[in-house]
Amino acid sequence: MQNVMTKQFSYIGIALILAIIFPLVITNTAVQHVVILFFMFAMMAVAWNIMGGYAGMFSFGQAAFFGIGAYTSSFLLISYQVNPWIGMIAGGLVAAFVAAAIGYPCSDLRGHYFAIATIAFGEIVRILFNNWKLIGAAEGLSLPMLDGGFKDFMFHSSKLPYYYIILAFLIIALIVCYLISTSKMGYYFRAIKESHDVAKVLGINVVWYRLIAIMISAFLTAMAGSFYAQYVLYIDPESVMLLAISVQLVLISMLGGAGSIMGPVVGALILVPLSEFTRIWLGHKGTGVDMLIYGFLITLISMYLPKGVWGFFTNMGKRAK
Amino acid sequence: MPEQLMQQIVNGLLIGFMYALIAIGLTLIWGVMNIVNFAHGDFLMVGMFTSFWLYTLYGIDPLFSIPICTLLLFVMGLLIYRFIVSKVMSGPMLAQLVVTFGLSIFISNLAVYFWTPDFRLIAKPLLSGTWDIGGVLLSIPKTVASIGSIVTSLFVFLFLKKTKTGKAILATEMDREAALLMGINTERINSLSFGIGAALVGIAGGFLSTYYYIYPQVGGLFGLIAFSIVALGGFGSIEGAFIAGILVGLVQTLGGFFFDPAYKYAIVFMIYLITVWIRPQGLLGW
């Protein structure tokens, strides 16, 4: 056991060192951009996994939280000159509050009823933001240029600071997920996932734990949204609230392996570069080939790798022993 | 004002009948297999394009190509069930949810690849124009489509209640294990239901193509609306889907009329949330 733990920690250490030195070696900004997106999607997939993989609530509406995070910090910055770091926390809190407000009435929904409820929720939020004059409606929001620097959460000369910030966010999300999975709460989540009714009979406050899972997940997703707004400096409902973003998160988690800590990271590592590069290589003519391949892969993965790559390899490892 | 309101009610009914037909196919699949078909709207799109190409290439009016659309979609449904959906039936629920999502993205982008994302319209269908009934305008293609929807729904209803195969489908819907014990080949029932569900949107697509824009992403919205209708009507209930389709059509147009048309689909999605919250079994579910 001790041996396994040290082995795991050394793997994590190596991965971390590689991640830290990567942008110093590979200075191509296009590649750095893809890695930044990888970290961002991995972070959101880890957040999805807390409610989807552990607590069994398959959300297809995470784009709403992503958008709420992006919009809250941007709006506060534009209208009240609130520092983006504080705006990010505010965005997380707003998203967690909205998540609780929508999660409470949905607390008895299971399986695909819950999944479709989250789609409906995501679409409603997108339609509202598309028509909400105060936050720019369909035109979106352009962020003002600040001086730049860590305090402003805005960097003009290099992608490196964004790279390290989002890497730090990903690590925070992973630590949160690790702490949950090893705590009593994590076992409650799994019990609820296995069977709502049995969990209830065992005296677990199902509604309460489901709400906690949703709120933590929404908070982390909104943080990624604020990061994204600071990174691209322009947001509109069509770029931050699309159902496609929510679907991608589900897919990443499933491909990597839902319900494991590193699964979503593995999934993002495969899928984000793949979708970025197919988009760059094949998507430029608007022929739909990139999305065609993407759709085909989703179908194949669900048919042949429904438990994800991580589950596949850990099973292989067990069998080898 | 009352005339305008009458007009909105008529519009709501006309779109509602179309929604009903689309949702009946979805609820059949959902009820029998407990599988959500996210590609349902894309099946509709395939039906619309089939109708469009039969018209453009061979000059066959949509009204006459509907049987071809129906048959084609039926076969497509059977094949998709046989080679894709049946493979995930025993898998984890997440895979069941995601597989038809992938299918949806694949089918709609296949259409983009072959036919570009452009919007098309059937230039001169046999049915066109409007009737003016006391100041209320009644679109002729929409009216014929509504009649088609009523006739088809009635036909499906009678098929399920009166024929042996239909009864087997209903039995499977109620209790799969018991149906299996009674000697019903549930695997065959599954593929048949999937085929019929797809065939029904083939009919809907044929009618819809006489008056609606045809483009690769057209199914997305219709598919999502159908979820709200199925929830409201009760999962698996044909009668429920029919009534709920009409209700949703009315709510959507009247909501747009009294509030703001920009929010009409938000109101439709609210219906889903409110239904599953207050009455999860829907209007006619048990």
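Our subject is the structure that appears above.
These notes cover the structure that comes with them.

## So, the overall build of chain A
Of regular secondary structure, chain A possesses 14 helices and 2 strands. Relative to its length of 321 residues, chain A is compact, with a C-alpha radius of gyration of 20 Å against a globular reference of 20 Å. Once the C-alpha set of chain A is aligned to its principal axes, its extents read approximately 55 × 50 × 40 Å. Expressed as a percentage of the 321 residues in chain A, the buried residues total 54%. Here the analysis covers contacts within chain A between residues at least 6 apart in sequence; of these, 76% occur between residues at least 24 apart. Of the roughly 14,300 Å² of accessible surface on chain A, a fraction of 71% belongs to carbon and sulfur atoms. Of the side chains in chain A, 17 bear a positive and 11 a negative charge, and the two mean positions are spaced by 14 Å.

## Some words on the interface of chain A and chain B
Listed as interface residues are 41 residues of chain A and, on the opposing side, 38 residues of chain B. Contact between chain A and chain B buries roughly 3,500 Å² in total, counting both sides, with carbon and sulfur atoms accounting for 84%. Taken together, the connections running from chain A to chain B amount to 0 salt bridges. Sorting the residues of the side of chain A that touches chain B by element identifies helix H5 (111-131), helix H11 (243-256) and helix H13 (289-304) of chain A as the ones contributing at least two each. Among the elements that line the side of chain A that touches chain B, the one with the most residues is H5(A), at 14 residues. Class assignment for the residues of the side of chain A that touches chain B results in 30 nonpolar, 9 polar and 2 charged.

## Let's talk about the pairing of strand E1 (residues 130-133) of chain B
All names here are of chain B. Direction of pairing for E1 relative to strand E2 (residues 136-139): antiparallel, over a ladder of 4 bridges. Bridge pairing in E2 links Ile133 to Val136. From the end of E1 to the start of E2, which pair antiparallel, there are 2 residues, and Gly134 there has a positive phi angle of about 55 degrees.

## Regarding the nonpolar core
Core analysis: the biggest nonpolar cluster contains 198 residues, and A:Met40, A:Phe60, A:Phe169, A:Phe227 and B:Phe43 have the highest contact counts within it. Here this core gets 17 residues from one element, more than from any other, and that element is helix H2 (residues 29-54) of chain A. Apart from the residues within four sequence positions on either side, A:Phe227 is in contact with A:Ile36, A:Met40, A:Phe153, A:Tyr162, A:Ile165, A:Ile166 and A:Phe169.

## A short note on a nonpolar patch on the surface
Residues and elements named next belong to chain A. Taken together, the side chains of Tyr11, Ile14, Leu16, Ile17, Leu18, Ile20, Ile21, Leu24, Val25 and Ile26 define a hydrophobic patch exposed on the protein surface, amounting to about 940 Å² of accessible area. Within the secondary structure, Ile17 is located in helix H1 (residues 2-25). Relative accessible area serves as the criterion here: at 53%, Ile17 is assigned to the exposed category.

## Here's the deal with helix H7 (residues 184-194) of chain A
Each turn of an α-helix holds 3.6 residues, which means side chains three or four residues apart point in the same direction. Residues and elements named next belong to chain A. Among the residues of H7, Gly186, Phe189 and Ile192 are the ones counted as buried. The arc that holds the buried residues of H7, viewed along the axis, is 120 degrees, so those residues lie on one side. Among the exposed residues of H7, those oriented more than 90 degrees off its buried face are Lys184, Tyr187 and Glu194. Elements in contact with the buried residues of H7: H2, helix H6 (160-182), helix H8 (196-201) and helix H9 (206-232). Backbone nitrogen of Met185 and a side-chain oxygen of the N-cap are separated by 3.2 Å at the start of H7; the cap is Ser183.

## Some words on helix H3 (residues 62-80) of chain A
Residues and elements named next belong to chain A. Taking 1.5 Å of rise per residue, the 19 residues of H3 would be expected to cover 27 Å, and the 27 Å separating its terminal C-alpha atoms lies within 8% of that figure. Burial of H3 is extensive: 15 of the 19 residues sit out of reach of the surface. Two residues or fewer after H3 comes Gln81, characterised by a positive phi angle close to 55 degrees.

## A look at empty space enclosed by the protein
All names here are of chain A. Throughout the structure, instances matching the rule amount to 4 cavities of 30 Å³ or more. Here the largest cavity is characterised by a volume of approximately 110 Å³. Taken together, 13 residues line the largest cavity, and the ones lying closest to its centre are Ile102, Phe114, Thr118, Phe121 and Ile214. At 4 residues, H5 tops the list of elements feeding residues into the lining of the largest cavity. In terms of residue class, the lining of the largest cavity is built from 9 nonpolar, 4 polar and no charged.

## Points about the packing of helix H2 (residues 40-58) of chain B against helix H4 (residues 93-115) of chain B
Describing two packed helices takes the angle between their axes plus the distance from one axis to the other. Residue and element names in this part refer to chain B. Axis separation between H2 and H4 bottoms out at 9 Å; the angle between their running directions is 25 degrees. Taken as axis vectors, H2 and H4 run roughly parallel relative to one another. By crossing handedness, the relation of H2 to H4 is classed as left-handed. When H2 is examined against H4, the residues Asp42, Phe43, Met45, Val46, Phe49 and Trp53 are found in contact with a partner set consisting of Ser104, Ile107, Ser108, Ala111 and Trp115. Tallied by class, the residues present in the contact of H2 with H4 amount to 8 nonpolar, 2 polar and 1 charged.

## Thoughts on the packing of aromatic side chains
Residues and elements named next belong to chain A. The final tally for this structure, using the stated rule, is 40 aromatic pairs over all chains. Between the aromatic rings of Phe169 and Phe227, the centroid separation amounts to 6.4 Å while the plane-to-plane angle is 70 degrees, which identifies the pairing as edge-to-face. One end of the pair, Phe169, is in helix H6; the other, Phe227, is in helix H9, and 58 residues separate them in sequence. The residue whose ring lies beneath Arg190 is Tyr187, and the NZ or CZ to ring-centre distance is 5.1 Å.

## Side note on unusual backbone geometry
Phi at A:Ala137 takes a positive value of approximately 45 degrees, unusual for a residue other than glycine. One can find A:Ala137 in the loop between H5 and strand E1 (141-142). On the accessibility criterion, A:Ala137 (12% relative accessible area) is buried. Unusually for a residue other than glycine, B:Thr116 sits at a positive phi of about 60 degrees. With respect to the element layout, B:Thr116 can be found in the loop between H4 and E1. With relative accessibility at 34%, the residue B:Thr116 sits in the partly exposed group.

## Comments concerning the pattern of salt bridges
Counted by the stated rule, this structure contains 3 salt bridges over all chains. The partner of A:Arg126 in a salt bridge is A:Glu238, and the shortest N-O contact between them spans 3.1 Å. With a gap of 112 residues between them, A:Arg126 in helix H5 and A:Glu238 in helix H10 (residues 237-240) connect regions that are remote in the sequence. B:Lys161 is the partner of B:Glu239 in a salt bridge, and the nearest nitrogen-oxygen pair spans 3.8 Å. Of this pair, B:Glu239 sits in helix H10 (residues 238-258) while B:Lys161 sits in helix H5 (residues 140-162), placing them 78 residues apart in sequence. With a relative accessible area of 32%, B:Glu239 lands in the partly exposed category. Salt bridges linked by common partners bring A:Glu123, A:Arg126 and A:Glu238 together as one network.

Definitions and cut-offs
- Residues numbered from 1 in each chain as written.
- Chains lettered and ligands numbered in written order.
- Predicted model: local features only at pLDDT ≥ 70, side-chain atom pairs only at ≥ 80, totals over all residues.
- Heavy atoms only, no water.
- Helix = DSSP H or I, 4+ residues; strand = E, 2+ residues; numbered from the N terminus.
- Rg over C-alpha atoms; globule rule 2.2 N^0.38 Å.
- Buried < 20%, exposed > 50% of the residue type's maximum accessible area, 1.4 Å probe, protein only.
- Contact = heavy atoms within 4.5 Å.
- Areas by Shrake-Rupley, 256 points an atom, 1.4 Å probe, with all protein chains shown as cover.
- Lys, Arg positive; Asp, Glu negative; His and termini not counted.
- Charge placed at Lys NZ, Arg CZ, Asp CG, Glu CD.
- Buried area = accessible area lost by both parts, 1.4 Å probe.
- Salt bridge = Lys/Arg side-chain N within 4 Å of Asp/Glu carboxyl O.
- Nonpolar A, V, L, I, M, F, W, Y, C, P; charged D, E, K, R; others polar.
- Pairing = 2+ DSSP bridges.
- Core = buried A, V, L, I, M, F, W, Y, C linked by side-chain atoms within 4.5 Å.
- Patch = residues over 30% accessible without salt bridge, like charges linked within 9 Å, V, L, I, M, F, W, Y side chains within 5 Å.
- Arc of directions from axis to C-beta.
- Polar contact = N/O pair within 3.5 Å; in protein donor to acceptor, adjacent residues only side chain to side chain.
- Expected span 1.5 Å × (residues − 1).
- 1 Å grid on protein atoms, 1.4 Å probe; cavity = no way out; pocket = protein on both sides within 12 Å on 5 of 7 lines; lining within 4 Å.
- Points joined across faces, edges and corners; volume = space filled by probe spheres on them.
- Axes fitted to C-alpha atoms, helices over the stretch in contact; angles between N-to-C directions.
- Parallel < 35°, antiparallel > 145°, perpendicular 65-115°, else oblique.
- Left-handed = near helix turned anticlockwise from the far one by under 90°.
- Phe/Tyr/Trp six-rings, centres within 6.5 Å; stacked < 30°, edge-to-face > 60°.
- Lys NZ or Arg CZ within 6 Å of the ring centre and 35° of its normal.

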